[in-house]
Each structure stands twice: as structure tokens, then as C-alpha cells.
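Okay, here's what each chain looks like letter by letter:
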Amino acid sequence: MAAPQASTPVVARCHCGAVTLTLDAPPTQITHCNCSLCRSYGVLWAYYAKADVQIDAGTPTQSYAWNGKNVDFHRCANCGCITHWWPRKDGRDRIGINARLLDPGLIEAATLVRKDVAGTGLFH
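Residues numbered from 1 in each chain as written. Predicted model: local features only at pLDDT ≥ 70, side-chain atom pairs only at ≥ 80, totals over all residues. Heavy atoms only, no water.

Tell me about the environment of glutamine 54, and please be specific about residues and values.
Turning to its location among the elements, glutamine 54 is positioned in strand E5 (residues 53–57). The exposure class of glutamine 54 is exposed, given its relative accessible area of 53%. Linking glutamine 54 and aspartate 24, residues 30 residues apart in sequence, is a C-alpha distance of 8.5 Å. Excluding its chain neighbours within four sequence positions, the residues that come into contact with glutamine 54 are Thr20, Leu21 and Thr22. (Helix = DSSP H or I, 4+ residues; strand = E, 2+ residues; numbered from the N terminus. Buried < 20%, exposed > 50% of the residue type's maximum accessible area, 1.4 Å probe, protein only. Contact = heavy atoms within 4.5 Å.)

Hey, could you go over the sheet that holds strand E1 (residues 10–13) for me, with residue numbers and the actual values?
A sheet is described by the order of its strands in space; here three strands give the open sequence E1-E2-E5, paired in antiparallel fashion. The open sheet has two free edges, formed respectively by E1 and E5, since each of these has just one partner strand. Looking at each pair of strands side by side, their axes are set apart by 20 degrees on average, direction ignored. Here strand E2 (residues 19–23) runs beside E5; their pairing, made up of five bridges, is antiparallel. Each bridged residue has a counterpart across the sheet, and for threonine 22 the counterpart in E5 is glutamine 54. (Pairing = 2+ DSSP bridges. Axes fitted to C-alpha atoms, helices over the stretch in contact; angles between N-to-C directions.)

So what about the pattern of salt bridges? Which residues, and what values?
One pass over the full model with this rule turns up one salt bridge. Between aspartate 72 and arginine 88 there is a salt bridge whose closest N-O contact spans 2.8 Å. Pair noted here: aspartate 72 is in strand E7 (residues 71–76) and arginine 88 is in the loop between strand E8 (82–87) and strand E9 (94–98), with a separation of 16 residues, a long-range link. (Salt bridge = Lys/Arg side-chain N within 4 Å of Asp/Glu carboxyl O.)

Could you give an account of the side chain of aspartate 72, with specific residues and numbers?
With relative accessibility at 16%, the residue aspartate 72 sits in the buried group. Reaching out from aspartate 72, the side chain makes a polar contact with the side chain of arginine 88 at a distance of 2.8 Å. Beyond its immediate chain neighbours, meaning those up to four positions away, aspartate 72 contacts Ser63, Tyr64, Ala65, His84, Trp85, Trp86 and Arg88. (Polar contact = N/O pair within 3.5 Å; in protein donor to acceptor, adjacent residues only side chain to side chain.)

Talk me through the nonpolar core; I want residue IDs and the actual numbers.
One finds Leu21, Leu23, Val53 and Ile97 to be the most contacted residues of the largest nonpolar core, which totals 19 residues. Of all the elements in the fold, those that place two or more residues in this core are E1, E2, strand E4 (45–49) and E9. Cys33, Cys35, Leu37 and Phe73 belong to the second-largest nonpolar core, a separate cluster that totals 10 residues. (Core = buried A, V, L, I, M, F, W, Y, C linked by side-chain atoms within 4.5 Å.)

Explain the pairing of E9 to me, using residue names and the numbers behind them.
Consecutive side chains of a regular strand alternate in pointing toward one face of the sheet and then the other. In terms of residue burial, E9 counts as a mostly covered element, since four of its five residues are buried. By the bridge criterion, five bridges tie E4 to E9 in an arrangement that is antiparallel. Bridge pairing links tyrosine 48 to isoleucine 95 in E9. As paired strands, E8 and E9 are joined by two bridges and run antiparallel to one another.

Structure below.
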């Protein structure tokens, strides 16, 4: 039996390349959330443990906290692309990466989960 091979890290970059997120592995699942904020941002989310992502921001990011102020949504201060969200509570380990910053083939290879936060009934 062959030993399992390690996944190849993948890189997500904002439009100008100032913010780079290196992921330990490609996403296997991507979430399409239809809440008002995610809809406005036009993002798809790939969720990772903090330890599985390296964030290199050559340009500092700017952040915005919405509603319950549970997470900070980060964007590149240079080009404005939403790059990721980071939880405000230290005990939370999951972060969200904007999957739209990945190669489109990686998005298509992942399972798409539709999250009906807006309660529209459109996502079953």
C-alpha cells in the first residue's frame, strides 16, 4: 500500500498581489453564503484552521466587523479585494478564505455548499 501523499500548498492572492494567503491544501468544500454582506462582497468561502493558512500582507489589510462583530472581514488596503475573515474570539480556530482569489479550477473541483443565511428558500 502506498503512503498517502501530502497535498501541494495553493496560493490565493488579491488582485494587486500585495496580500498572499498560502493554504496547506486546496479546498475540498466551498460555501456560497447568501447573507447581505457575502452577497455584496461577491465571495465564496473556503474554511481552514488557522494553522493551515499563512497570510503574508505586504500591504496591511483593512478590516470591517459586521452585525454581531464575531469576525473581522479583511481586504487589501491597496486594491480593495476581500481576502479573508478572522474570528475575534481567541478560542475560535476556523477562518474563511475568499475562494474567488484561487485558481478557478480549484473552485470547480470542490463541492459547493449553499448556505441560506438570508432565509430566501432558494438554497435547498
